[in-house]
Structures are given as C-alpha cells and as structure tokens.
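Listed below are the residues making up each chain.
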Amino acid sequence: MKKILVINGPNLNMLGAREPEIYGHQTIADIEKLCQKAGKELGFSIDFRQSNAEAEMINWIQESGKFSALIVNAAAYTHTSVAIYDALLAVKIPVVEVHLSNIFRREEFRHHSYVSRAAKGVICGFGADSYLLALKGLKELLDA
Ligand code: CA2
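About the cut-offs
Residues numbered from 1 in each chain as written. Predicted model: local features only at pLDDT ≥ 70, side-chain atom pairs only at ≥ 80, totals over all residues. Heavy atoms only, no water. Buried < 20%, exposed > 50% of the residue type's maximum accessible area, 1.4 Å probe, protein only. Helix = DSSP H or I, 4+ residues; strand = E, 2+ residues; numbered from the N terminus. Pairing = 2+ DSSP bridges. Right-handed = clockwise from strand over helix to strand, strands pointing away. Near = heavy atom within 4 Å. Polar contact = N/O pair within 3.5 Å; in protein donor to acceptor, adjacent residues only side chain to side chain. Areas by Shrake-Rupley, 256 points an atom, 1.4 Å probe, with all protein chains shown as cover. Nonpolar A, V, L, I, M, F, W, Y, C, P; charged D, E, K, R; others polar.

1. Considerations on the pairing of strand β3 (residues 69-73)
When a strand is regular, its side chains alternate between the sheet's two faces. Within β3, five of the five residues are buried, leaving the element largely enclosed by the surrounding structure. In β3, alternate side chains face the same way, and those of A69, I71 and N73 on one face and L70 and V72 on the other are all buried. Where strand β1 (residues 2-8) lies against β3, five bridges are found, and the strand directions are parallel. Paired with I7 across the two strands is V72, which belongs to β3. Taken together, the three bridges between β3 and strand β4 (residues 95-99) define a ladder with parallel strand orientation. The residue of β4 that forms the bridge with I71 is V96. Tracing the backbone out of β3, into helix α4 (residues 82-89) and back to the parallel element β4 gives a crossover that is right-handed.

Here's what the structure looks like:
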C-alpha cells in the first residue's frame, strides 16, 4: 500500500475554533478523518501530522523519502519560509501544496508561496476538500 505523508503547519490545530467564514467549521481532527477515509478508498495509508514548529516540519520533510508522496499545508510558513522551501527542493517524491482558503482572494502577502515553486501541483480554496482533491490527483499521478 502506498504511504502518503500529510504535513500541516502552524495554527491549523485551531481550526473550527475561529474564522469559520474563511476556514470552515471542521477541526484538524475532522480533516484527518476525511483523509483517512479517502485514503482507504484510494488504497493509500495516510500519515497525518500537524506542527506549530518550523524545525519539526523541516525534519518531517527531510524524512519523507519513505513515503510515495507528500501533501503539505505549510499555513503561514507558505509565505515566509525559505527554510521549508529548501527542504522541499531536496525531496524526490511528488509534493502537492494545499490550502483550505483561496490564498489569491486574500491579502497580498498571501499571494506568494515559496512552497509552490517546489510543488508538482497546488490546490486551494475548497476547504477540507482541497486535501481530498490532492489525494485524488496523487492517485492518478502515482498510478500512471
Ligand atoms: O488556507 C489555508 O489553508 C492557509 O494555509 C491557512 C493559514 C494561512 O496563514 C494561509 O495563508 C492559508 C492559517 C491557518 C490558521 O488557521 C486558523 C484557524 C482558526 C483559528 C486560527 C487560525
């Protein structure tokens, strides 16, 4: 069974608690459940993680070689972290960037993503479904 690593960045553990008009009502645990269910249907085993620490995310990215693909929502680090970009550049497996919100409809500073330059594809604006679309895209890509 192909293993997919899903990395979530800072403050995503607060989902559901605030700003539901932007991020929806689902918690990070709800999103994990959706990913686990979709993973089963697609024949993937999902390792779903969240961290508020840039260093921990970088360590996970560096160790992602044992997975078939990486899905990453780097949250605010998307727009600021050259360190996460450098870590992603060294990754040989396909990387899909996801965001709950459409970052291009939001403040100007969210329009630039370091992660996108290292990603095979980018999905944003579909709420929790962004993760499911990423899994479906990876299914096609990894089966091809
Ligand atoms: O839309 C996304 O998925 C984002 O990656 C979410 C990040 C934001 O910085 C990115 O620009 C876009 C923020 C996640 C913080 O989420 C919270 C949710 C509820 C309460 C507080 C923070």
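2. Details of the site of the ligand
Around the ligand, the structure places 15 residues, and the nearest of them are N73, H79, L100, S101 and R110. In the model, an oxygen atom of the ligand is placed 2.8 Å from a nitrogen or oxygen of the N73 side chain. The side chain of R110 places a nitrogen or oxygen atom 2.9 Å from an oxygen atom of the ligand. When the free accessible area of the ligand is taken as 510 Å², the share hidden by the protein chains comes to 95%. Residues of the shell around the ligand, tallied by class, amount to eight nonpolar, five polar and two charged.

3. Section: the environment of N13
Along the chain, the position of N13 falls in the loop between β1 and α1 (20-23). According to the relative accessible area criterion, N13 is partly exposed, its value standing at 36%. Separated by 26 residues in sequence, N13 and G39 have C-alpha atoms that sit 21 Å apart. In terms of polar contacts, N13 uses its side chain to reach the side chain of Q50, at 3.5 Å.

4. Some details on the pairing of β1
Across the seven residues of β1, five count as buried, placing the element largely inside the fold. Relative to strand β2 (residues 44-50), β1 runs parallel, the two being bridged by seven bridges. Among the inter-strand pairings, I4 is bridged to a residue of β2, identified as I46.

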